[in-house]
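# Summary of structural features
Spelled out from the first residue to the last, the chains are:
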Amino acid sequence: MLEQIVNRFPGISCAYVDATGKVTTEYYGVSDKEKNIAVDNDTIFPACSMSKFVTAICLMKLHERKVIDIDASVND
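Residues numbered from 1 in each chain as written. Predicted model: local features only at pLDDT ≥ 70, side-chain atom pairs only at ≥ 80, totals over all residues. Heavy atoms only, no water.

### Examining the sheet that holds strand E3 (residues 37-38)
Our working definition: At least two bridges found by DSSP between two strands is the condition for calling them paired. Helix and strand definitions follow DSSP, with helices as H or I runs of at least four residues and strands as E runs of at least two, each counted in order from the N terminus.
The strand order E1-E2-E3 describes an open sheet built from 3 strands, whose pairing is antiparallel. The sheet terminates laterally at strand E1 (11-17) and E3, the two strands that pair on one side only. Where strand E2 (residues 23-32) meets E3, 2 bridges bridge the pair, whose relative direction is antiparallel. Bridging across to E3, Val30 finds its partner in Ala38.

In structure tokens:
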């Protein structure tokens, strides 16, 4: 699967946390094809539609904790 992802995108970064809390980051490909600049810890990627997904999860968590009421008027 990694090969398919790497072949589809010029550069990607991955980060994950294991059960012990250890954070691992990995970088593949390039951030600039013309200059052949490798993806690294300082590479900035556009959030695109990912921000909608993250916002929705945060709102559901706040609703779950009764911090907000998703049925209330958005103007409130």
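Next comes the rest of the account.
### Regarding the pattern of salt bridges
Note the cut-off: Salt bridge, as applied in this entry: a Lys or Arg side-chain nitrogen positioned within 4 Å of an Asp or Glu carboxyl oxygen. Relative accessibility under 20% of the residue-type maximum defines a buried residue, over 50% an exposed one, and the middle range a partly exposed one, all with a 1.4 Å probe and only protein chains included.
Inspection of every chain in the model, using the stated rule, returns 1 salt bridge. With a shortest N-O distance of 3.3 Å, Lys61 and Glu64 are connected by a salt bridge. Pair noted here: Lys61 and Glu64 are both in helix H2 (residues 50-64), with a separation of 3 residues, about one helical turn. With relative accessibility at 55%, the residue Glu64 sits in the exposed group.

### Looking at the environment of Met60
Tracing the sequence through the fold places Met60 in helix H2. By relative accessible area, which is 43% here, Met60 ends up partly exposed.

### Quick look at the pairing of E1
Pairing analysis gives 7 bridges linking E1 to E2, with the strands arranged antiparallel. Looking across to E2, one finds that Ala15 is bridged to Thr25. In this structure, the hairpin formed by E1 and E2 is closed by a connection of 5 residues, where Gly21 is found at a positive phi of approximately 95 degrees.

### As for unusual backbone geometry
Even without a glycine there, the phi angle at Asn36 is positive, about 55 degrees. Residue position: Asn36 is located in the loop between E2 and E3. Overall, Asn36 belongs to the exposed group, its relative accessible area being 58%. In this structure, Lys66 takes a positive phi of about 65 degrees despite not being glycine. As for its position among the elements, Lys66 is in the segment after H2.

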